[in-house]
Amino acid sequence: MTDQTLIAVKPEIAAGSHADAERRAAMVAEAAKDPEGFWTREMNRLAWMRAPTKIKDTSFEGDVSIKWFEDGVLNLTESCLDRHVEGGRGDAVAIIWEGDDPKSDAHITYRQLLERVCRLANAMKSLGVRRGDRVSIYLPMIVESAVAMLACARIGAVHSVIFGGFSPDSLSSRIQDCESTLLITADEGRRGGRTVPLKANADEALKSCPTIKNVIVAKNTGGGVAMEDGRDHDWATLCDAQSAECAPEPMGAEDPLFILYTSGSTGKPKGVLHTTGGYGVWAAFTHELVFDYRPGEVYWCTADVGWVTGHTYIVYGPLANGATTLMFEGVPNWPDSSRFWNVIDKHKVNIFYTAPTAIRALMREGEAPVKKSSRKSLRILGSVGEPINPEAWLWYYRVVGDERCPIVDTWWQTETGGILISPLPGSVAQKPGSATLPLPGVFPALVDNDGAILEGATEGNLVITDSWPGQMRTVFRDHERFVQTYFSTFPGKYFTGDGARRDEDGYWWITGRVDDVLNVSGHRMGTAEIESALVAHPKVAEAAVVGMPHEIKGQGIYAYVTLKVDEEPTEALRKELVAWVRKEIGPIASPDAIQWAPGLPKTRSGKIMRRILRKIAANETDSLGDTSTLADPTVVQDLIGNRVG
Ligand code: PRX
């Protein structure tokens, strides 16, 4: 596959789209020339209690300050719920829920959703939760997760959703960091026919979370769980006693909406903070434009609400646009690998948004499971979370989309709040594997390692030179870390941590992280987190973790482990360490390979040379580069000789 493979825009896709080539060009030009005018118009996508008069006040210099629509007042749930109900669309379906069990599903209208949100909001108030308080949410993919997020937004509480696959330890550290007072969870989750013991995990986590005063427990599987008197409350009992009306709390545009923890190259996960107005505008704007969402369409994003994709493209974006959003509890390959396609036919899904890792896994099953389904409702396909290799892109395009549906390969991050680089269907010819062009109002650039801007067709570090409304505002209670992490490498510019290439047509190709962050099946993980989990094991002296190429997951986790003197490297210990990391962080962090390393390649100042470890893990040992600066170059030969896999 070369950059030359161009798939032209089909006239039937461009016709009636929100942005054909001409319209896109006009928006791009206006957003660059007159950002105030452009965003004054676009902000009207939301319902404001008081319309903003100050539009943009942002600086990437010095202390870094980002404010959008600063004097506006709104409650995002009015945009997502009330105005649709008041506008006569109360009976339209807001959420289609498809259970793990193919026989279970539910349709929730906008009116029902509003009522459920208000009841929970009142229940939270009755437990003493106030505006600005943090609420942690640890739920499976059930409607309650959207209800819980929106109920927080209704009363101005700040939600922090924690992925249901995280361990008790990961849950408690995220609760401790933001000092939340309420946890919302469920008895158990369901995935691929198995149950996940959420309440039991929560009980374990809460042993070290003194700030939590109350726990609301949704009944999902009905599996019996322990309930602590005075602390734990049954969701239904609590909410049934509440009024179905709750006035939306007037929030400043720059008041916090949510915190979401994400991994970086160092330290523990950061609390990425998003605020209300700018994030809301960005969610609505990008959801409509990128997916060319049209009224009445059924839209399905397969992400989990525990990640930013679930926040922006299952909950806030689609609901702000009055869409029908599908929420799926299950997994792609259960009961069999036709599941996605069966769900698409069952609910007549028009727009389907998933991750390359799922596409690669399903591709391996061949075309038959796909071809058993009709998929004729599909109009747009999307990809997110990691670079999509051209082979997977073409399979998605040909086999799933029958060459009818454009693919939007959407590049963005937890920090960006929403999509920044993506084709807009109907406006841009596609190249398999390229995220194509920035959205209107997004100003990416490539810089070399010294920060000099690179022009033309080239490769470098991906930075963004000016703010967009959906940008994160700070790291919760650690603005210094925000400035340090994102604005100190290339002063005055937002550094994404990604590398990218721009081709001769100006198309962007994201090449992956250039820092010590891994992307495993679209899940972002810091090597430092996995290393500290490993060294917490009593038999481990030292550990170094790197990514290795993995056919399905994109990247696998390769760990080099040095044991304490007198410890024996055995198969049993290897298994124990894998289980240890699963318990410390969660199953998504399980190492794919552990290599016993009597020594690690270090410089004379003691810094581990990860470049060499990455090469060995990738089995590219003939291009190790310069090893002469190592304190002890002989360790390299030993590591090569004992490579795993
Ligand atoms: O490396 C990029 C990769 O995922 C990282 C962001 O991860 P996270 O904050 O968990 O958000 C994932 C969902 C947006 C990025 O720094 N990434 C995300 N989307 C793409 C991508 N890499 C290439 N192409 C994409 N479309």
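Residues numbered from 1 in each chain as written. Predicted model: local features only at pLDDT ≥ 70, side-chain atom pairs only at ≥ 80, totals over all residues. Heavy atoms only, no water.

### Notes on the overall build of the protein
And step 1. Tallying secondary structure elements over the protein gives 20 helices and 31 strands in all.
And step 2. For 645 residues, the compact-globule estimate of 2.2 N^0.38 gives 26 Å, and the C-alpha radius of gyration of the protein, at 24 Å, lies within 12% of that figure.
And step 3. Across its three principal directions, the C-alpha atoms of the protein cover 75 × 65 × 55 Å.
And step 4. Looking at the protein as a whole, 60% of its 645 residues qualify as buried.
And step 5. Sequence-distant contacts, at least 24 apart, represent 72% of the contacts inside the protein between residues at least 6 apart.
And step 6. With the model as given, the accessible surface of the protein reaches about 23,900 Å², and the carbon-plus-sulfur share is 51%.
And step 7. Across the protein, the 69 positively charged side chains and the 84 negatively charged ones have centroids separated by 2 Å. (Helix = DSSP H or I, 4+ residues; strand = E, 2+ residues; numbered from the N terminus. Rg over C-alpha atoms; globule rule 2.2 N^0.38 Å. Buried < 20%, exposed > 50% of the residue type's maximum accessible area, 1.4 Å probe, protein only. Contact = heavy atoms within 4.5 Å. Areas by Shrake-Rupley, 256 points an atom, 1.4 Å probe, with all protein chains shown as cover. Lys, Arg positive; Asp, Glu negative; His and termini not counted. Charge placed at Lys NZ, Arg CZ, Asp CG, Glu CD.)

### Re the packing of aromatic side chains
And step 1. Here the structure, examined in full by the defined rule, presents 34 aromatic pairs.
And step 2. Relative to Phe166, the ring of Phe163 has its centre 5.8 Å away and its plane inclined at 85°; by these criteria the two rings are edge-to-face.
And step 3. Using a relative accessible area of 9% as the deciding quantity, one classes Phe166 as buried.
And step 4. Taking 4.6 Å as the distance between ring centres and 35° as the angle between the ring planes, the aromatic pair formed by Phe163 and Trp307 counts as tilted. Placement of the pair is Phe163 in the loop between strand E7 (158-161) and helix H7 (168-178) and Trp307 in the loop between strand E16 (298-301) and helix H11 (308-320), with a sequence separation of 144 residues. Residue Phe163 shares its accessibility class with Trp307, and that shared class is buried.
And step 5. The ring centre of Phe166 lies 4.3 Å from the NZ or CZ of Arg174, which sits over that ring.
And step 6. For Arg501, the ring lying beneath its charged end belongs to Trp509, and the centroid distance is 5.0 Å. (Phe/Tyr/Trp six-rings, centres within 6.5 Å; stacked < 30°, edge-to-face > 60°. Lys NZ or Arg CZ within 6 Å of the ring centre and 35° of its normal.)

### With respect to the sheet that holds strand E23 (residues 458-464)
And step 1. Reading across the sheet, the five strands line up as E22-E21-E23-E25-E26 and stay open at both edges, with antiparallel pairing between neighbours. The sheet is open, and its two edges are formed by strand E22 (453-454) and strand E26 (508-513), each paired on a single side.
And step 2. Pairing between strand E21 (residues 444-447) and E22: two bridges, direction antiparallel. Looking across to E22, one finds that Leu446 is bridged to Leu454. (Pairing = 2+ DSSP bridges.)

### Let's talk about helix H4 (residues 76-89)
And step 1. Approximately 40° is the largest bend angle found in H4, and it occurs at Asp82.
And step 2. Among the residues of H4, Leu76, Thr77, Ser79, Cys80, Leu81, Asp82, His84 and Val85 are the ones counted as buried.
And step 3. On its buried face, H4 sits against strand E3 (73-74), helix H5 (110-126), helix H6 (143-155), strand E14 (256-262), helix H10 (277-290) and H11. (Bend = angle between axes of the 7 residues up to and from the residue.)

### Focus on the UniProt feature "domain: AMP-binding enzyme C-terminal" (unreviewed entry) in the protein
And step 1. Under the local residue numbering, the UniProt record ascribes the feature "domain: AMP-binding enzyme C-terminal" (unreviewed entry) to residues 529-607.
And step 2. Overall, residues 529-607 shows 27% helix and 32% strand. The separation of its end C-alpha atoms is 17 Å. (UniProt positions renumbered as here; feature names shortened; annotations may be inferred.)

### Some thoughts on the site of the ligand
And step 1. Around the ligand sit 16 residues, and of these Asp409, Thr410, Thr414, Asp498 and Arg524 come closest.
And step 2. In the model, an oxygen atom of the ligand is placed 2.9 Å from a nitrogen or oxygen of the Gln413 side chain.
And step 3. A distance of 2.9 Å separates an oxygen atom of the ligand from a polar atom in the side chain of Arg513.
And step 4. Burial of the ligand by the protein amounts to 95% of the accessible area it has alone, namely 540 Å².
And step 5. Contributions of two or more residues to the shell around the ligand are made by strand E20 (407-410) and E26.
And step 6. Split into classes, the residues belonging to the shell around the ligand amount to five nonpolar, six polar and five charged. (Near = heavy atom within 4 Å. Polar contact = N/O pair within 3.5 Å; in protein donor to acceptor, adjacent residues only side chain to side chain. Nonpolar A, V, L, I, M, F, W, Y, C, P; charged D, E, K, R; others polar.)

### Observations concerning the side chain of Arg524
And step 1. Within the fold, Arg524 resides in strand E28 (residues 523-526).
And step 2. You can call Arg524 buried: its relative accessible area is 17%.
And step 3. A polar contact of 3.4 Å, which involves the side chain of Arg524, links it to the side chain of Thr262.
And step 4. A distance of 2.7 Å separates polar atoms of two side chains, one belonging to Arg524 and the other to Glu415.
And step 5. With sequence-adjacent residues up to four places away left out, Arg524 is seen in contact with Thr262, Ser263, Gln413, Thr414, Glu415, Arg513, Val517 and Leu518.

### Remarks on the nonpolar core
And step 1. Counting 153 residues, the largest nonpolar core has Leu113, Leu120, Met124, Ile184 and Tyr316 as its most contacted members.
And step 2. For Ile184, the contacting residues outside a window of four places in its chain are Leu120, Met124, Val135, Ser136, Ile137, Tyr138, Leu139, Ala148, Ile216 and Trp235.
And step 3. Ranked by size, the runner-up nonpolar core spans 30 residues in total, among them Ile7, Ile96, Trp300 and Ala392. (Core = buried A, V, L, I, M, F, W, Y, C linked by side-chain atoms within 4.5 Å.)

### Concerning the sheet that holds E16
And step 1. Taken in spatial order, the seven strands line up as E5-E4-E17-E16-E18-E19-E20 in an open sheet, and their pairing is mixed. Where the open sheet ends on each side, the last strands, each with one partner, are strand E5 (105-109) and E20. Here the average twist between neighbouring strands, direction ignored, is 20°.
And step 2. With four bridges joining them, strand E18 (residues 351-354) and strand E19 (residues 380-384) adopt parallel strand pairing. (Axes fitted to C-alpha atoms, helices over the stretch in contact; angles between N-to-C directions.)

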